[in-house]
Amino acid sequence: MAVKIRLKRLGKIREPYYRVVVADARTKRDGRAIEEIGKYHPKLEPSLIQINSERVQYWLSVGAQPTEQVQHLLTITGDWQKFKGLPGAEGTLRTGETKADKKDRYEELVKESLAAKEAKAATRPAKSAPKRDTKKAEPAAEAPSAEPVSAEAAPAESGTAESVEAPSAPAESTEA
């Protein structure tokens with residue numbers, strides 16, 4: 001049985017990504033595979049190539065034949081040179097920037113946001129404090145004139161409330 005190391009296409013139209021698989025030569029391109037040994041994302045910059053070197057070396061040693069595309073990927077990672085005993089086994093694989101951890105990035109943004117809010121709050125009260133004081137001072141000036149009226153009305157209202165409550169209390173006691 002002929003075994004090939006080839007690419008299995010996945011993804012959407014115009015957004016492909018591939019898995020490097022070991023499969024029988026007679027199976028379909030995206031059909032059943034014996035083993036998945038890597039990934040290849042050509043649309044990323046730089047392209048993502050992740051290949052399990054130990055498994056590739058094993059399959060090459062037992063006679064699996066890589067396709068042209070996979071052989072090129074193995075040359076980039078250095079696995080083909082290692083298998084053939086050629087110089088340059090370190091490969092020419094380019095790696096992209098390592099992304100910062102999402103949690104760390106979130107915490108940084110929260111700190112920046114809080115600092116911005118505190119800075120805004122520190123500048124606002126100096127400008128808006130006199131406006132608030134003038135608004136509060138005007139009702140306070142009107143309140144003393146309104147207070148005597150409400151103070152006179154309060155005893156009158158409380159007296160009527162007591163007189164209404166007083167007859168209801170004896171009625172309850174007569175029933176008991």
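Here the structure is a predicted model, which is why all the values come from computation and not from measurement.

Colleague: I keep staring at the layout of surface pockets and nothing clicks. Help me out?
Modeller: Leftover empty space is mapped by rolling, across the atoms, a probe with the size of a water molecule. For the second largest pocket, the calculated volume is near 160 Å³. Lining the second largest pocket, in full, are Leu-7, Tyr-40, Pro-46, Ser-47, Ile-49, Gln-69, His-72, Leu-73, Ile-76, Thr-92, Leu-93 and Arg-94. Counting residues per element, the lining of the second largest pocket draws most heavily on helix α2 (residues 68-77), at 4 residues. Residues that form the lining of the second largest pocket fall into these classes: 7 nonpolar, 4 polar and 1 charged.

Colleague: Mind showing me how you'd approach the sheet that holds strand β3 (residues 35-41) here?
Modeller: Through backbone hydrogen bonds, the strands of a sheet pair up, either in parallel or in antiparallel fashion. The strand order β4-β3-β2-β1-β5 describes an open sheet built from 5 strands, whose pairing is mixed. The open sheet has two edge strands with one neighbour each: β4 (48-51) and β5 (65-66). The sheet contact formed by strand β1 (residues 3-12) and β5 spans 2 bridges and is parallel. Paired with Ile-5 across the bridge in β5 is Pro-66. Sheet strands touched by helix α1 (residues 53-61): β1, β2 (15-24), β3, β4 and β5. Its angle to β3, the strand with the most contacts, is close to 120°.

Colleague: Explain α1 here, please?
Modeller: For the α-helix, the turn length of 3.6 residues means that residues three or four positions removed from each other point alike. Among all positions in α1, only Val-56, Gln-57, Trp-59 and Leu-60 are buried. Buried residues in α1, looked at end-on, bunch into an arc of 165°, giving them a common side. Residues of α1 that are exposed and point more than 90 degrees away from the buried face comprise Glu-54 and Ser-61. Looking one or two places after α1, you find Gly-63, whose phi comes out positive at around 105°.

Colleague: So what exactly am I meant to see when it comes to unusual backbone geometry here?
Modeller: That bond from Glu-45 to Pro-46 is cis: its omega, -10°, falls within 30 degrees of zero. Structurally, Pro-46 can be placed in the loop between β3 and β4. A positive phi is found at Arg-14, a non-glycine position, where the angle reads about 65°. Given the relative accessible area of 68%, Arg-14 is considered exposed.

Analysis parameters
Counting of residues starts from 1 at the beginning of each chain's written sequence and follows it residue by residue. Local features in a predicted model are, by the rule used here, given only for residues with pLDDT of at least 70; side-chain atom pairs are given and counted only at 80 or more, and totals for whole chains, interfaces and linings are based on all residues. The side-chain numbers reported here are obtained from all heavy atoms of the structure, hydrogens and water having been left aside. Here a cavity denotes a set of grid points, spaced 1 Å apart and computed over the protein atoms alone, in which a 1.4 Å probe fits but from which it cannot get out, and a pocket denotes an open set meeting protein on both sides within 12 Å along at least five of seven lines; residues with an atom within 4 Å of a point are reported as lining. Grid points are joined across faces, edges and corners, and a volume is the space filled by probe spheres set on the points. Under the DSSP-based scheme used, a helix requires at least four consecutive residues in state H or I and a strand at least two consecutive residues in state E, with every element numbered from the N terminus. Charged means Asp, Glu, Lys or Arg here, nonpolar means Ala, Val, Leu, Ile, Met, Phe, Trp, Tyr, Cys or Pro, and polar covers whatever is left, Gly included. Should DSSP find at least two bridges between two strands, the strands are regarded as paired. Every residue pair with non-hydrogen atoms within 4.5 Å of one another is taken to be in contact. Geometry is summarised by axes, namely lines fitted to C-alpha atoms with helices restricted to the contacting stretch, and by angles between N-to-C directions that run from 0 to 180 degrees. Note on exposure labels: buried denotes an accessible area under 20% of the residue type's maximum, exposed denotes more than 50%, and partly exposed covers the range between, all computed with a 1.4 Å probe on protein chains only. Here the arc refers to the directions that run from the helix axis out to each C-beta atom.

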